[in-house]
Amino acid sequence: MGPYKSGISAGSSSSSSSSCAGKQSEIDGLLSGAGYKVRSSDLRQVAHRLERLETVMVNAPAEISQLASEAVHYNPSDLASWVDSMLSELNQPVPMSSDLSDLPYIDGFVAPALHQTVLSEGWTEQNTHEQQQLTVVTAVEEDSAIRLVHLLMTCAESVQRGELGLAGSLIEEMRGLLTSVNTECGIGKVAGYFIDALSRRLFSPLAVCAGSSLESDILYHHFYEACPYLKFAHFTANQAILEAFDGHDCVHVVDFSLMHGLQWPALIQALALRPGGPPLLRLTGIGPPSPDGRDSLREIGLRLAELARSVNVRFAFRGVAASRLDDVKPWMLQVGPREAVAVNSIMQLHRLLGSDSSRVSPIDSVLGWIRSLNPKIVTVVEQEANHNQPEFLDRFTEALYYYSTMFDSLEACSLQLEKSVAEMYMQREICNVVCCEGSARVERHEPLAKWRARLNGAGFRPLHLGSNAFKQASILLTLFSAAGYCVEENEGCLTLGWHSRPLIAASAWQAVSDTSAPFGRIKDNLL
Amino acid sequence: MANEKEKKLKFCINDHRDVLVEILKRLDGRSLGVAASVCRLWCSITRQDSVWESLCFRHVSPPPSDVRPVVVALGGYRRLYMVCLRPVILSRLSRQLSLRLGNGGAGDSERIKRICTRDEVQLSLSLFSIDYYERLGGGTGRLGESSASSLMFLCKPVNV
């Protein structure tokens, strides 16, 4: 694990990461990943002492070189006592109490920032003067970064309380602070987007966050190329669908968001090569209606049909244009009685979580008709984040952690154009989470645990994703130059994350068999 | 007299195309590329898909027999190797090498084999189908691009 470039990475926040239970007596997960053992409860004190150590080292150049060559440090991984020993070596009294109490949020956050500082002082015995220079620069920048985050939180809090004047002045202050931070990468870049989103929320709330569907297409495609999240989603879902279709000759896939249809060539190819020959494959693709009269769904269907023809897979495509998923009615999908049905939802279900009290909640009605189709498998891929909490400040904090990690993972992308456009894709999501409310806020991400509860309650039972999916995901990840991606298995579901923070979760479900379901389907077909 | 004897003993591989094909079938990807620049005959042989077919599935056992029509339909074994399989193998190799160097370069004597596993082949086939789909114009709607944009992430330089 390398140092975090952005100052913020979640690990000990309240997300569904299974590794963090009680924070008080536990060793901090982030630092331990880098080889340092610090108790989470001691983080503030250690942070304070490290700052003092920095100040001392900057002011006492002569003694440093001596320390570097002659000091013997025991237990280097025990960060707290190392710092104490360094401070006492340099004859500074070790403070007993921490006075960082005015920064309550810093708990889980400060660790990686200091990690970076510590690394720059490190264990090397080289040019300590150079190191001091580096330390000073890093310290100043880290200070600004910490202040930026602090200001962002304070601004979000004042927005929540309705103190718009204060929020406005904080935004001005943050913009000023941005000049002293590197905005090309890391916390500076992410903070810039969040500052923009906050100011948009305050000053132009009615400005539309989402662009045209053509823009969305382009952003999506570049996001697909720049990072593995969508590919992971597609490949994992395909593997599960392939296994569920085993032994069936007539199969029907319902795709909740066709986009460019990039998920389906691989499935068509896999079905073509399956032992026993390919089935008859029907694909129903749901997508927004095209604004300019082009039937973009049909065009994609034609290309997929051409591919299927080349590999001798009998294929039929149907497009369903709907701007909202809850506008789709099951009869539109024309599911046949003897077909094995797979429902595929890549980051679509969270859009249904906005509740409109006048009608049945959209998510329940959609889950209901999915179940009435009696699908062999329902593949669900969702962002692993908690962006649907009722309190704005909670959502804001979560989003800050989540998107910082996402941007971090994007840093290593070597394709410059794709990377920039992928960032715009994420910026749009950030905008929606921060600026929009009510029915306009569609990015209502919820963590895997909540989806599990919801799907279990709606009459689905989980299907475990097998080891083939895991292996495939692992190989896929080796293709990406950044080594920080990790695939983890979580009770039969797979998550893809960056440096042990899961960012996207894939799961598979099957409708619990119910005596009323077959009647429901026959009735639908009679209509 | 000596000349005639010389002529009888002289064996020119280029006169025995079938043998040449059998030999070239056993080369690895890089050597095939080198072989292509030897002479026109060798170049034409290295463009035969059957040579690349052996390369792709050499170490996968049992060798998948019914894959050929699909691979041919999607663009042929040479393209499969160059666009998908080779980057997959090279990424894995570079990852293994960097891990090995990180661990102190243990055991250089054990060569990291450039063979592909069955899972790597399957993933490559999936990526290959996406490549074909994009060349049809299915990805961004632009027809006939020689290097599909979705697979650009495979084209990063790998130092192995």
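Residues numbered from 1 in each chain as written. Chains lettered and ligands numbered in written order. Predicted model: local features only at pLDDT ≥ 70, side-chain atom pairs only at ≥ 80, totals over all residues. Heavy atoms only, no water.

Looking at an unreviewed UniProt entry, one finds chain B named F-box domain-containing protein, with Tetracentron sinense as its source organism.

In the annotation of an unreviewed UniProt entry, chain A is listed under the name DELLA protein and assigned to Tetracentron sinense. UniProt annotates chain A under Subcellular location (unreviewed entry) with the comment "Nucleus". The record held by UniProt for chain A lists under Function (unreviewed entry) the comment "Transcriptional regulator that acts as a repressor of the gibberellin (GA) signaling pathway. Probably acts by participating in large multiprotein complexes that repress transcription of GA-inducible genes." (UniProt positions renumbered as here; feature names shortened; annotations may be inferred.)

Moving on to the pattern of salt bridges. Residues and elements named next belong to chain A. The tally for this structure, following the rule as stated, stands at 22 salt bridges over all chains. For the salt bridge of Glu 437 with Arg 201, the shortest nitrogen-to-oxygen distance reads 3.1 Å. Of this pair, Glu 437 sits in the loop between α15 (416–435) and α16 (448–457) while Arg 201 sits in helix α8 (residues 186–203); the two residues are 236 residues apart in sequence, bridging distant segments of the chain. Judged by its relative accessible area of 36%, Glu 437 falls in the partly exposed class. The shortest N-O distance in the salt bridge between Glu 215 and Arg 428 comes to 2.9 Å. Here Glu 215 is found in helix α9 (residues 213–226), whereas its partner Arg 428 is found in helix α15, with 213 residues between them in sequence. Here Arg 428 falls in the buried class, since its relative accessible area comes to 18%. One network of salt bridges, with partners in common, ties together Arg 201, Arg 395, Glu 437 and Arg 441. (Salt bridge = Lys/Arg side-chain N within 4 Å of Asp/Glu carboxyl O. Helix = DSSP H or I, 4+ residues; strand = E, 2+ residues; numbered from the N terminus. Buried < 20%, exposed > 50% of the residue type's maximum accessible area, 1.4 Å probe, protein only.)

With that settled, the discussion passes to the interface of chain A and chain B. The interface is formed by 33 residues belonging to chain A together with 31 residues belonging to chain B. On the surface where chain A and chain B come into contact, there are 1 salt bridge. The tally of links from chain A across to chain B stands at 6 residue pairs in polar contact (both at pLDDT 80 or more). Within the residue set of the side of chain A that touches chain B, elements represented by two or more residues are α9, α10 (229–244), α11 (264–272), α12 (296–310) and α17 (467–478) of chain A. Looking at side-chain class alone, the side of chain A that touches chain B contains 19 nonpolar, 9 polar and 5 charged residues. (Contact = heavy atoms within 4.5 Å. Polar contact = N/O pair within 3.5 Å; in protein donor to acceptor, adjacent residues only side chain to side chain. Nonpolar A, V, L, I, M, F, W, Y, C, P; charged D, E, K, R; others polar.)

With that out of the way, let us pick up the nonpolar core. Residue and element names in this part refer to chain A. Among the nonpolar cores identified, the biggest contains 144 residues, and Phe 194, Leu 198, Tyr 229 and Tyr 403 are the most heavily contacted of them. In terms of residue count, the dominant contributor to this core is helix α14 (residues 392–411) (10 residues). The residues contacting Leu 198, other than those within four sequence positions of it, are Leu 152, Cys 155, Val 159, Ile 171, Met 174, Phe 392, Phe 396 and Val 434. With 28 residues, the next largest nonpolar core counts Val 254, Ala 322, Leu 333 and Leu 352 among its residues. (Core = buried A, V, L, I, M, F, W, Y, C linked by side-chain atoms within 4.5 Å.)

Examined at the domain level, chain A breaks down into domain 1 (132–204) and domain 2 (226–392 + 444–510). Taking the mean C-alpha position of each, domain 1 of chain A and domain 2 of chain A sit 37 Å from one another. (Domains from an automatic or database assignment.)

The next subject is the side chain of A:Ser158. Its location among the elements puts A:Ser158 in helix α6 (residues 128–161). The residues contacting A:Ser158, other than those within four sequence positions of it, are A:Glu163, A:Leu166, A:Ala167 and A:Leu170.

Attention shifts here to the packing of α10(A) against α11(A). Residue and element names in this part refer to chain A. It is the contact of α10 with α11, at a shortest axis distance of 10 Å, that shows an interaxial angle of 30°. Seen along the crossing, α10 lies across α11 with a hand that is right-handed. Facing α10, whose interface residues are Asn 238, Ile 241 and Leu 242, α11 presents Trp 264, Ala 266, Leu 267, Ala 270 and Leu 271. Tallied by class, the residues present in the contact of α10 with α11 amount to 7 nonpolar, 1 polar and no charged. (Axes fitted to C-alpha atoms, helices over the stretch in contact; angles between N-to-C directions. Left-handed = near helix turned anticlockwise from the far one by under 90°.)

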